[in-house]
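Structure at a glance
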Amino acid sequence: MSKGEQLGILLDKAEMLHNKMNNIFLKQGSTTPDLGFLSPVDKEEWNRLYELSKEVSDKICKLING
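What counts and how
- Residues numbered from 1 in each chain as written.
- Predicted model: local features only at pLDDT ≥ 70, side-chain atom pairs only at ≥ 80, totals over all residues.
- Heavy atoms only, no water.
- Helix = DSSP H or I, 4+ residues; strand = E, 2+ residues; numbered from the N terminus.
- Rg over C-alpha atoms; globule rule 2.2 N^0.38 Å.
- Buried < 20%, exposed > 50% of the residue type's maximum accessible area, 1.4 Å probe, protein only.
- Contact = heavy atoms within 4.5 Å.
- Areas by Shrake-Rupley, 256 points an atom, 1.4 Å probe, with all protein chains shown as cover.
- Lys, Arg positive; Asp, Glu negative; His and termini not counted.
- Charge placed at Lys NZ, Arg CZ, Asp CG, Glu CD.
- Salt bridge = Lys/Arg side-chain N within 4 Å of Asp/Glu carboxyl O.
- Core = buried A, V, L, I, M, F, W, Y, C linked by side-chain atoms within 4.5 Å.
- Phe/Tyr/Trp six-rings, centres within 6.5 Å; stacked < 30°, edge-to-face > 60°.

Okay, the overall build of the protein chain next. For the protein chain, the count of helices and strands is two helices and zero strands. Taking 2.2 N^0.38 as the reference for a compact globule, 66 residues should give roughly 11 Å; the C-alpha atoms of the protein chain span a radius of gyration of 14 Å, well beyond that estimate. The principal-axis extent of the C-alpha atoms belonging to the protein chain is close to 40 × 15 × 15 Å. Expressed as a percentage of the 66 residues in the protein chain, the buried residues total 21%. Looking at the protein chain alone, contacts between residues at least 24 apart form 55% of all its contacts between residues at least 6 apart. Just so you have it, the protein chain exposes about 4900 Å², and 55% of that area is on carbon and sulfur atoms. One finds the centroid of the 9 positive side-chain charges in the protein chain at a distance of 4 Å from the centroid of its 10 negative side-chain charges.

Shown next, in the form of structure tokens:
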């Protein structure tokens, strides 16, 4: 698989995670991305998605720079 294909897959995954994170706020009726508005369960899920998003971002950086 080429670097371009790998990058495309990682960017798609990053977008999917970002959309899931935004949907957590939208589900609560909040347009403000403030974790204080979330229930403990939603906050935990948002944090889990955030950690996954950071991992994907790191992989994108390594792919581009390496």
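Right, let's get into the pattern of salt bridges. Any two side chains of opposite charge can pair, on the condition that their charged atoms come close. Applying the stated criterion across every chain, the model contains three salt bridges. In this structure, aspartate 42 and lysine 27 form a salt bridge, with 3.0 Å as the shortest nitrogen-oxygen distance. With a gap of 15 residues between them, aspartate 42 in helix 2 (residues 40-65) and lysine 27 in helix 1 (residues 3-27) connect regions that are remote in the sequence. Under the relative-accessibility criterion, lysine 27 is labelled exposed at 58%. The shortest N-O distance in the salt bridge between glutamate 51 and lysine 54 comes to 3.5 Å. With glutamate 51 and lysine 54 both in helix 2 and three residues apart, this pair spans about one turn of that helix. Residue glutamate 51 is classed as partly exposed on the basis of its relative accessible area of 40%. The partly exposed category is assigned to lysine 54, whose relative accessible area is 36%.

Quick look at the nonpolar core now. One finds Leu10, Leu17, Met21, Ile24, Phe25, Leu38, Trp46, Leu49, Val56, Ile60 and Leu63 forming the largest nonpolar core, which totals eleven residues. Of all elements in the fold, only helix 1 and helix 2 reach the threshold of two or more residues within this core. Setting aside its immediate chain neighbours within four residues, valine 56 contacts Leu10, Lys13, Ala14 and Leu17.

Two measures describe an aromatic ring pair: the distance that separates the ring centres and the angle between the ring planes. Evaluation of the coordinates by the stated rule reveals two aromatic pairs. Taken together, a centroid distance of 6.3 Å and an interplanar angle of 65° make the contact between phenylalanine 25 and tryptophan 46 edge-to-face. With a gap of 21 residues between them, phenylalanine 25 in helix 1 and tryptophan 46 in helix 2 connect regions that are remote in the sequence. Residue phenylalanine 25 is classed as buried on the basis of its relative accessible area of 5%. Between the aromatic rings of tryptophan 46 and tyrosine 50, the centroid separation amounts to 5.4 Å while the plane-to-plane angle is 10°, which identifies the pairing as stacked. Here tryptophan 46 pairs with tyrosine 50, and both are found in helix 2, just four residues apart, close to one helical turn.

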